[in-house]
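# Fold and contact review
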Amino acid sequence: MPSGSKFNVLDHRLVPKHERVPLHEVPRVLRELGVEPTQLPLIKASDPAARAVGARPGELVKIVRRGTTGGPIVVYRFVVVG
């Protein structure tokens, strides 16, 4: 790795795709899932993947995992302080 470059955890093949859910889409996502934000699994804002996408406490992060048999799997995490 060249001096001065940063490692991006999202470039690693074992890290699933992470992306912030735009604020205007959050109500739709929560309505579809039938949950409150605090009922979702949590992810700390200090998590390397959350930091890589710029997630802040109170936001949702969409994670798309590669499924081996059934195609991609989409999960959501609620970002908390930490």
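You'll find the structure just up there.
Our subject in this report is the structure included herewith. Please read these numbers as outputs of a predicted model, since none were measured by experiment. (Residues numbered from 1 in each chain as written. Predicted model: local features only at pLDDT ≥ 70, side-chain atom pairs only at ≥ 80, totals over all residues. Heavy atoms only, no water.)

## Quick word on the overall build of the protein chain
For clarity, the threshold we go by: A helix here means a DSSP run of H or I that spans at least four residues, while a strand means a run of E at least two residues long, and both kinds are numbered starting from the N terminus. Relative accessibility decides the category of a residue: with a 1.4 Å probe and only protein chains considered, values under 20% of the type maximum give buried, values over 50% give exposed, and everything between is partly exposed. Contacts are assigned to residue pairs that have any heavy atoms within 4.5 Å of one another. The method behind every accessible area is Shrake-Rupley, applied with a 1.4 Å probe, and residues are considered shielded solely by the protein chains displayed. His residues and chain termini do not enter the charge count, which takes Lys and Arg as positive and Asp and Glu as negative. Every charge is mapped to an atom, namely NZ of Lys, CZ of Arg, CG of Asp or CD of Glu.
Along its length, the protein chain carries two helices and four strands. Along the protein chain, helices (α) and strands (β) appear in the sequence β-α-β-α-β-β when read from the amino end. Overall, the C-alpha framework of the protein chain stretches about 45 × 35 × 20 Å when taken along its three principal axes. Within the span of the protein chain, comprising 82 residues, buried residues form 28% of the whole. Intrachain contacts of the protein chain at a sequence separation of at least 6 include 57% that bridge at least 24 residues. Of the roughly 5900 Å² that the protein chain leaves accessible, carbon and sulfur atoms contribute 54%. Each charge class in the protein chain was averaged separately, 13 positive and 7 negative side chains, and the resulting centres sit 5 Å apart.

## Here we look at the nonpolar core
The cut-off we apply is this: Residue types Ala, Val, Leu, Ile, Met, Phe, Trp, Tyr and Cys, when buried and joined through side-chain atoms within 4.5 Å, form a set referred to as a nonpolar core.
Counting residues in hydrophobic clusters, the biggest one holds nine residues: Ile43, Ala45, Ala50, Val53, Ala55, Val61, Ile63, Val75 and Val79. Listed by contribution, the elements that provide at least two residues to this core are α2 (48-53), β3 (60-65) and β4 (73-80). Ignoring anything within four residues of it in the chain, the contact list for valine 53 reads Leu10, His18, Glu19 and Arg20.

## Describing the pattern of salt bridges
To be explicit about the condition: One side-chain nitrogen of Lys or Arg within 4 Å of one carboxyl oxygen of Asp or Glu is enough to make a salt bridge.
The tally for this structure, following the rule as stated, stands at four salt bridges. Between arginine 28 and glutamate 32 there is a salt bridge whose closest N-O contact spans 2.9 Å. Residue arginine 28 and its partner glutamate 32 are located together in helix α1 (residues 26-33), separated by four residues, close to a single helical turn. Taking relative accessible area as the criterion, glutamate 32 reaches 59% and is therefore assigned exposed. Connected through salt bridges with shared partners, the residues Glu25, Arg28 and Glu32 form a single ionic network.

## Considerations on the side chain of glutamate 59
Our working rule: Whenever two N or O atoms come within 3.5 Å, that pair is a polar contact, provided that in protein one can donate a hydrogen and the other can accept it, and provided that, for residues adjacent in sequence, both atoms are side-chain atoms.
Relative to the assigned elements, glutamate 59 resides in the loop between α2 and β3. Within the structure, glutamate 59 has its side chain in polar contact with the side chain of arginine 20 (distance 3.0 Å). Non-local contacts of glutamate 59, meaning those with residues more than four positions away in its chain, are made with Arg20, Gly54, Arg77, Phe78 and Val79.

## Observations concerning the sheet that holds strand β2 (residues 42-44)
Heads up, the rule is: Any two strands are treated as partners once DSSP identifies two or more bridges connecting them. A fitted line through C-alpha atoms serves as each axis, taken over the contacting stretch for helices, and the angle formed by two N-to-C directions is quoted from 0 to 180°.
Taking strand neighbours across the sheet as the criterion, the four strands line up as β1-β3-β4-β2 in an open arrangement whose pairing is mixed. Of all strands in the sheet, those with a lone pairing partner are β1 (17-20) and β2, marking the two edges. Each neighbouring strand pair of the sheet contributes to a mean axis angle of 35°, computed without reference to strand direction. Bridge count between β1 and β3: four bridges; the pairing is antiparallel. Looking across to β3, one finds that lysine 17 is bridged to valine 64.

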